[in-house]
Every structure is written in structure tokens, then in C-alpha cells.
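Summary of the model geometry
Given next are the chains, with one letter for each unit.
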Amino acid sequence: MANRREFMRAVGTAAAVGAMPATRVVSAKQTAPPLKGIKTFVFDAYGTLFDVFSVTALCEQLFPGNGNALAELWRAKQLQYSLLRSLMGRYKDFWQLTQDGLAYAAKSLKLDLTPDRQKRLMDAYLNLSVFPDVKPGLEALKKLGVGLAILSNGEPKMLDRAARSAGISTLLDAVLSANDVKIFKPSPAVYKLVSKRLHVGTSDAGFVSANSWDVHGGASAGLITFWIQRASGEPPEELGSTETRVVSAVSDLAAFVRR
Ligand code: LAC
């Protein structure tokens, strides 16, 4: 497979990649009517705030020559297992799925995942980097008085650890997890947590994800959605939602806030 994005697309996940796009797409790619009424932004976590591929350096250090392949297959399997388990009705929390995805990826690549290596890699998942636009973008939104929350498939403790480690936990008003409803996004049950737990009207809240499939999930569940297109030229998933606003960074979201 030629590169990471092709690979992720091939497995149907279209995960975000680390590179920031060169051009702003906030107005050029508007696909929905102008909007200036958002009071709360709710963010997906992995691939949107946290760069899941920041584990690649450790993967490479532990398994020279296999770092990229391991990081990519690990993420792909983590997501695939969340979808499969949701369809099977056999929920297992996202921390355990992440561990299972790592175990499969290592076996598939014929890598010796000793208990020590497994622990180091799982610990790295608690200390993921955030994308460069995340902290300044959240700080700017906070200054505008916007409510900020996470809505993630992640298990609450892993989300809490990652947010604290990245220095963004004090900016967040709430962290909502699929663990509450024991099924994963893109099940509507997860997106419904926004109105249930945050007590905000759907016209006041914007759901933001860099995972296009997740944006379609939020839109299907009736949320106003924003897609952070982290790599210019990345196509949206062919899943039918047309009401998504496209931005290239968290800092672009201020344009949609009620002032
Ligand atoms: C999440 C996964 C989907 O944070 O990235 O929910």
C-alpha cells in the first residue's frame, strides 16, 4: 500500500493523518448554509484532537522497519473491532479493544509483542500528542464563552488520562463516552448523549470530527456537524450526508460561534 491514507481508506476507516493541509478550506468547501449560532462544540477524540499516529515513533523504536505498518494496522483493527462488536451486540470497552487491536496487528505482522512492549505501547496511548491546532483552537473558543466537550468511543479513564497528559483537560466542560450506552459510534445512541448529558438544543451544538464516517454518524443522528479535513484533498466518505461544514483546523470553528 503506497501510503498511510490509502491504507486507512482501504480498510474503510479514513483516519486522520498528521500532516496539516496547506490551504484553509473553511469557506471554499462549505456544503451547508451559513451558521453563526453555535454555543457548544463537541469533539471526537482520537484522530480529531489526539494524533493516534503519535505512537508510530515508539512502534518503530520497538520494531524497527515496522513502525508505520504496526501503527496503521493497530488503529484500523481498533476501529474495526468497535464496529464489529457493536453489530454483534458484544460490547467491550475501547481500552480493551485497543489492546485487542494491538495484539492482532502484532500477530499479523509477525512481531514479538512481549508483555513489556505491550505495556509500553498501551501507555503511549494514554500520552498521545494533540494536533498543533487543538490547544490554541480550544483556548480561543473558550475565550468566546463556548462550551467544549468530547464525545468519544474511548473509555472514560483513557480519555481523562489523554486529556490531562495533553494539557487540554481544564478547557473541557464535559467528557462523554460511548461506554455509557455500551455501543460505539456511529450508533445514534452515542450521539444522542449530546442532548441527554449536555442539555443543549441540537441547533446550539456542533459536533466536530476529523473522521468523516463519524461526521456522517453525527449528521444521521440529527447533529449539526463539522468535518476537520486534516489532509487537503482527502475525500469525504460516500455515506450520503450533505449538511456538513468543512474546516481545516479547530481554530476555524470560531467563525460559527454566536457572539
Ligand atoms: C473516537 C474514535 C472514533 O474518539 O476516534 O471516538
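For the structure given in this document, a descriptive report is provided here.

Criteria and thresholds
- Residues numbered from 1 in each chain as written.
- Predicted model: local features only at pLDDT ≥ 70, side-chain atom pairs only at ≥ 80, totals over all residues.
- Heavy atoms only, no water.
- Helix = DSSP H or I, 4+ residues; strand = E, 2+ residues; numbered from the N terminus.
- Buried < 20%, exposed > 50% of the residue type's maximum accessible area, 1.4 Å probe, protein only.
- Areas by Shrake-Rupley, 256 points an atom, 1.4 Å probe, with all protein chains shown as cover.
- Near = heavy atom within 4 Å.
- Polar contact = N/O pair within 3.5 Å; in protein donor to acceptor, adjacent residues only side chain to side chain.
- Salt bridge = Lys/Arg side-chain N within 4 Å of Asp/Glu carboxyl O.
- Axes fitted to C-alpha atoms, helices over the stretch in contact; angles between N-to-C directions.
- Parallel < 35°, antiparallel > 145°, perpendicular 65-115°, else oblique.
- Left-handed = near helix turned anticlockwise from the far one by under 90°.
- Contact = heavy atoms within 4.5 Å.
- Nonpolar A, V, L, I, M, F, W, Y, C, P; charged D, E, K, R; others polar.
- Arc of directions from axis to C-beta.
- Core = buried A, V, L, I, M, F, W, Y, C linked by side-chain atoms within 4.5 Å.
- Domains from an automatic or database assignment.
- Pairing = 2+ DSSP bridges.
- Right-handed = clockwise from strand over helix to strand, strands pointing away.

Broken down by element type, the chain carries ten helices and six strands. In the chain, buried positions account for 54% of the 259 residues. For the chain, the accessible area works out to roughly 11100 Å², and carbon and sulfur atoms hold 54% of it.

A word on the site of the ligand. In the region of the ligand, the neighbouring residues are D44, A45, Y46, R75, S152, N153, K185, N211 and W213. Taking A45, its main chain carries an N or O atom lying 3.4 Å from an oxygen atom of the ligand. One nitrogen or oxygen atom from the main chain of Y46 is found 2.8 Å from an oxygen atom belonging to the ligand. For the ligand, whose unbound accessible area comes to 210 Å², protein coverage reaches 100%.

Now for the pattern of salt bridges. Following the criterion strictly, the structure yields nine salt bridges and no others. Between K119 and D123 there is a salt bridge; the shortest N-O distance is 2.7 Å. You can see K119 and its partner D123 sitting in helix α5 (residues 115-125), four residues apart, about one turn around the helix. Put simply, D180 and R197 hold a salt bridge, and the shortest N to O gap is 2.8 Å. Of the two residues, D180 is situated in the loop between β3 (174-177) and α8 (188-191) and R197 in helix α9 (residues 193-198); the sequence distance between them amounts to 17 residues. Three or more residues joined by partner-sharing salt bridges are found here, namely D44, K185 and D214.

Moving on, we get to the packing of helix α3 (residues 67-88) against helix α4 (residues 94-108). Orientation of α3 relative to α4, taken along the N-to-C sense of each, is 130 degrees, at an axis distance of 8 Å. Classified by the interaxial angle, the pair formed by α3 and α4 is oblique. α4 is crossed by α3, and the crossing has right-handed handedness. Residues L70, L73, W74, K77, Q78, Y81, S82 and R85 of α3 form the contact with α4, whose participating residues are F94, L97, T98, D100, G101, L102, Y104, A105, A106 and S108. Class assignment of the residues belonging to the contact of α3 with α4 gives a composition of ten nonpolar, five polar and three charged.

For α5, the complete set of buried residues consists of L121, M122, A124 and Y125. For α5, the buried positions fall inside an angular range of 150 degrees around the axis, keeping them on one side. Summarising the contacts, the buried residues of α5 are in contact with α2 (56-62), α3, α4 and α7 (156-165).

Let us now look at unusual backbone geometry. Put simply, K185 and P186 share a cis peptide bond, and its omega is 15 degrees. The residue P186 is located in the loop between β3 and α8 in this model. Even without a glycine there, the phi angle at K110 is positive, about 60 degrees. With respect to the helices, strands and loops of the structure, K110 is situated in the loop between α4 and α5.

This part covers the nonpolar core. One finds F41, F43, Y46, F50, L141 and I168 to be the most contacted residues of the largest nonpolar core, which totals 75 residues. Of the residues that make up this core, three or more belong to each of domain 1 (18-51 + 129-256) and domain 2 (52-125).

Before going further, it helps to examine the sheet that holds strand β1 (residues 40-43). Ordered by their spatial adjacency, six strands build an open sheet running β3-β2-β1-β4-β5-β6, and the pairing between neighbours is parallel. Each edge of the open sheet carries a strand with a single partner, namely β3 and β6 (244-247). Geometrically, the sheet is characterised by an average inter-axis angle of 25 degrees between neighbouring strands, direction not taken into account. Two strands pair when backbone bridges link them, and strand β5 (residues 224-228) and β6 are joined in this way by four bridges, in the parallel orientation. Looking across to β6, one finds that T225 is bridged to T244. The sheet strands contacting α7 are β2 (147-152) and β3, and the helix crosses β3 at an angle near 145 degrees. Relative to β5, helix α10 (residues 212-220) is tilted by about 175 degrees, and along the sheet it contacts β4 (205-209), β5 and β6.

What follows deals with the pairing of β5. The element β5 is extensively covered by neighbouring structure, given that five of its five residues are classed as buried. Side chains of β5 alternate between two faces, with I224, F226 and I228 and T225 and W227 buried alike. Where β4 lies against β5, four bridges are found, and the strand directions are parallel. When the bridges of β5 are listed, S209 appears paired with W227. Crossover handedness for the path β4 to α10 to β5: right-handed.

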